[in-house]
Amino acid sequence: MLNQIRRTPNLLALIIVSAALAVLPLTTQNNYILTIFILVGQFTIITVGLSLLMGYAGQISLGQATFYGIGAYTMAILSARFELSPWLSLLAGVILAAAVAYLVGLLIFRLHGHYLAMATLGMNVILFLILTQEVEWTGGPSGFRGVPDLSLGSFTFSSDLHYYYLMWFFTLIVIALSLNIVNSRVGRAMRALHTSEVAAEAVGIDTNAFKLKVFALSAAYGGLAGGLHATYLGFMSPGSFTINVSIELVVMAVVGGLASVWGAMFGAGAVLAIEQYLRTAIKSLIPNASGEHEIIAFGLILMLIMIFMPQGLFAGLVTAVRQRRTVFRKP
Amino acid sequence: MGAKPLLEARGLLKSFGGVVAVNHVDLDIHRGEILALIGPNGAGKTTMFNLISGTHRVDRGEIFFAGEDITYLRPSEVAAQGIVRTFQNLQIFGNMTVLENVMVGCHLHGKAGFFASALRLPGTAVEETRIRQRGMEFLEKVGLADQADQPAVSLPFGQQRMVELARSLAVNPKLLLLDEPAAGLTRVEAEELDRLICQVRDDGVTIFLVEHDMNLVMGIADRVMVVQYGTKIAEGTPAEVQANTAVIQAYLGADWHQEPKSRQPAEVENA
Ligand SMILES: Nc1ncnc2c1ncn2[C@@H]1O[C@H](COP(=O)(O)OP(=O)(O)OP(=O)(O)O)[C@@H](O)[C@H]1O
Ligand SMILES: [Mg+2]
């Protein structure tokens, strides 16, 4: 058993991360920390999908918040308006997000590079219009209220603590499944088509089918995060699913280091932590600071990370730790 | 040679803007032979490969492989039919190890999809081990087994070509298309390559080989086909082709190398 763990560092990492996350709430009474971690888990789910899509399959999406939104509103509308079981509503959101991605993908994977980026942006714009215009269904710009909580038997997920565990349960499942995918025949095919589509095709890899499936998978993750977001807050508005959010998701994936499942978690965590920190730090430095100061500082930090860790935060930290170790080992 | 050809192409035509890259070419490749395609720069050799492998769509003409019409198949479908190509400008998966490169070549010999892989369904581990073993077998064949875990890009150019060859063989092709496989190789490496190509042919794989320089293929080709400006100007045994006046004229006229060229990396740059 021990040997097997040693041979599979990802399993070891999963166990350590799960244990750390499990005890975290015991070490703090601070609800604010919990809510931040719920957010990190939620964005990790989407970022992992984006990392598979961009880092492994080499396809750009600037509209990933679309699927996040589809998941959230499907969850909300089905469970609140149609009184469908919240679990089934969550599942429906995941499936609908994946189905939309598949259909959109059929059209847009004929495009390459910038065109793909533009097409996914367009998709996000359309979703935003629907969310703000179809007031009867979505609640319009003022948002949707009254999404029911999830429950298991007689137990209802109602507190931040409950949702913390629920969110990270799903996040770790997504990480585990994605690690399995990356280290498989499918993962190899994705990396292959990223480097050379012609060479991948030449050995029989149907590159279009793979792109479609990765896109649908990343959308399913987005849908899952959306559904969980909806039931956790019980409320949401179209502002959470804009192009800005899509771009923020890309930033998380890039900061984490694109072709890395674990990196996605670090990227989501780092970006959210920096944003939260700046919000308070800038206020105390410049008392009458506006949102723009935050954005400028955020941009500067991103630039520094990319200059000093072009491989992303995760790979950058791993290399740094390795160098430390070899320095220490020297007599 | 009474048997039906393995690959039959009729009236292949392909132009890019005003340039007719392949001009009404008929092509027969017989089972078990090594057919060499030679011609000067820009004669349309690579374009012929692109048409057969489905990388480019033909403007006119048709291609039959083992009796099936493959004219409009996508490249991955052509590969699944058993036609595998290499690339003039080497296409190695730089973000993978040598062994992983060859394992990608085993793609069609596995089934595990997203679902099975994500859940590690029973059978996926077995399949993965089988693919790994198969990958190693082909690395042994090209003499690179001891480099299996090296990043593919860390290998010298000649060995990277061998990785590409091993990857192509791992697909289990019936017809192997090699686009200037000796370009950029040293003399020793090129001789080793010739030996390997003959061995692959003896294992039952039909080979269609592009070479820029006629002298380089005379030793191993069963038949030679010569193209110039997209048109076939001669076809026959090496001896017949060498004696052909049109070919001799093309040689003189088009500034071909008369002497066997040294196979130095200089050639890679314009590849
Ligand atoms: N994708 C393309 N777009 C435009 N023109 C092309 C394309 N591919 C080939 N050509 C043109 O078609 C002609 C034949 O090119 P091809 O690459 O087939 O020649 P080749 O015989 O392989 O030459 P070489 O010995 O240099 O490899 C050339 O004039 C080339 O410029
Ligand atoms: Mg060529």
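Bear in mind the structure is a predicted one, so any value in this text is a computation, not a measurement. (Residues numbered from 1 in each chain as written. Chains lettered and ligands numbered in written order. Predicted model: local features only at pLDDT ≥ 70, side-chain atom pairs only at ≥ 80, totals over all residues. Heavy atoms only, no water.)

What follows deals with the sheet that holds strand 5 (residues 68-69) of chain B. All names here are of chain B. A sheet is described by the order of its strands in space; here 4 strands give the open sequence 2-1-4-5, paired in antiparallel fashion. Looking along the sheet, the strands with just one partner apiece sit at the ends: strand 2 (19-29) and strand 5. Relative to strand 4 (residues 60-65), strand 1 (residues 7-16) runs antiparallel, the two sharing 5 bridges. Paired with Leu13 across the two strands is Arg60, which belongs to strand 4. Seen against the sheet, helix 1 (residues 45-52) touches strand 1, strand 2 and strand 4 and runs at an angle of roughly 65° to strand 2. (Pairing = 2+ DSSP bridges. Helix = DSSP H or I, 4+ residues; strand = E, 2+ residues; numbered from the N terminus. Contact = heavy atoms within 4.5 Å. Axes fitted to C-alpha atoms, helices over the stretch in contact; angles between N-to-C directions.)

Attention shifts here to the site of ligand 1. All names here are of chain B. For ligand 1, the set of nearby residues contains 15 residues, the closest of which are Gly42, Lys45, Thr46, Thr47 and Gln88. At 2.7 Å from an oxygen atom of ligand 1 is found a side-chain nitrogen or oxygen belonging to Thr46. One of the side-chain N or O atoms of Glu180 is found 3.4 Å from an oxygen atom in ligand 1. Coverage of ligand 1 by the protein amounts to 65% of the 630 Å² it exposes when considered alone. Sort the elements by how many residues they give to the shell around ligand 1 and helix 1 lands first, with 3 residues. Split by residue class, the shell around ligand 1 holds 5 nonpolar, 8 polar and 2 charged. (Near = heavy atom within 4 Å. Polar contact = N/O pair within 3.5 Å; in protein donor to acceptor, adjacent residues only side chain to side chain. Areas by Shrake-Rupley, 256 points an atom, 1.4 Å probe, with all protein chains shown as cover. Nonpolar A, V, L, I, M, F, W, Y, C, P; charged D, E, K, R; others polar.)

On to the pattern of salt bridges, then. The final tally for this structure, using the stated rule, is 19 salt bridges over all chains. When the shortest N-O distance is used, the salt bridge between Glu128 of chain B and Arg188 of chain A registers 2.7 Å. With one member in each of two chains, Glu128 of chain B in helix 5 (residues 124-141) and Arg188 of chain A in helix 9 (residues 185-195) form a pair that bridges those chains. The residue Asp202 of chain B makes a salt bridge to Arg201 of chain B at a minimum N-O spacing of 3.1 Å. Owing to a relative accessible area of 58%, Asp202 of chain B belongs among the exposed residues under this scheme. Salt bridges sharing partners connect three or more residues here, namely Lys4, Glu8, Arg10 and Asp28 of chain B. (Salt bridge = Lys/Arg side-chain N within 4 Å of Asp/Glu carboxyl O. Buried < 20%, exposed > 50% of the residue type's maximum accessible area, 1.4 Å probe, protein only.)

All names here are of chain A. Two elements in contact, helix 13 (residues 261-285) and helix 14 (residues 291-308), have axes whose closest approach is 10 Å; the angle formed by their N-to-C orientations is 135°. Relative to helix 14, helix 13 is oriented oblique. Relative to helix 14, helix 13 is oriented so that their crossing is right-handed. In this structure, helix 13 contributes Val271, Ile274, Glu275, Leu278, Arg279 and Ile282 to the contact, and helix 14 contributes His293, Glu294, Ala297, Phe298, Ile301 and Ile305. Taken together, the residues that form the contact of helix 13 with helix 14 break down as 8 nonpolar, 1 polar and 3 charged. (Parallel < 35°, antiparallel > 145°, perpendicular 65-115°, else oblique. Left-handed = near helix turned anticlockwise from the far one by under 90°.)

Moving on, we get to the coordination of the magnesium ion (ligand 2). Perfect tetrahedral coordination of a metal by four donors corresponds to 109.5 degrees between them, and perfect octahedral coordination by six donors corresponds to 90 or 180 degrees. Protein-derived coordination of the magnesium ion (ligand 2) comes from Thr46 of chain B (OG1) and Gln88 of chain B (OE1), at a distance range of 1.9 to 2.1 Å. Highlighted residues: Thr46 of chain B in helix 1 and Gln88 of chain B in the loop between strand 6 (83-85) and helix 3 (98-105), separated in sequence by 42 residues. (Donors = N, O, S within 2.8 Å, 3.2 Å for Na, K, Ca; no water.)

A few words on the sheet that holds strand 9 (residues 223-228) of chain B. Residues and elements named next belong to chain B. Taken in spatial order, the 6 strands make up an open sheet running 6-7-8-3-9-10, and their pairing is mixed. Either end of the sheet is taken by a strand with one partner, and the two such strands are strand 6 and strand 10 (231-236). Here the strands of the sheet are splayed against their neighbours by 15° on average, with no regard to which way each runs. Note: strand 7 (residues 175-179) against strand 8 (residues 206-211), 5 bridges, orientation parallel. Note on strand 8: the bridge partner recorded for Asp179 is Val210. Where helix 7 (residues 187-202) meets the sheet, it contacts strand 3 (34-38), strand 7 and strand 8, and its direction lies at approximately 150° from that of strand 8.

Another aspect to go through is the confidence of the model for chain B. Residues and elements named next belong to chain B. Here chain B averages 89 in pLDDT, and 92% of its residues register 70 or above. Across chain B, the element-wise mean pLDDT spans from 39 in helix 10 (residues 266-269) up to 98 in strand 6. Confidence drops under pLDDT 50 across residues 254-271; counting only partners more than four residues distant or on other chains, this segment forms 37 contacts. As a predicted assembly, this complex carries a pTM of 0.88 together with an ipTM value of 0.88. (pLDDT = per-residue confidence, 0-100.)

Tallying the contact residues gives 34 residues for chain B and 26 residues for chain A. Carbon and sulfur atoms supply 62% of the area buried between chain B and chain A, which totals about 2600 Å² over both sides. Linking chain B with chain A are 3 salt bridges. Here chain B and chain A share 13 residue pairs in polar contact (both at pLDDT 80 or more) between them. At the level of secondary structure, the elements contributing two or more residues to the side of chain B that touches chain A comprise helix 2 (75-81), strand 6, helix 3, helix 4 (114-119) and helix 5 of chain B. Among the residues forming the side of chain B that touches chain A, the class breakdown is 16 nonpolar, 10 polar and 8 charged. (Buried area = accessible area lost by both parts, 1.4 Å probe.)

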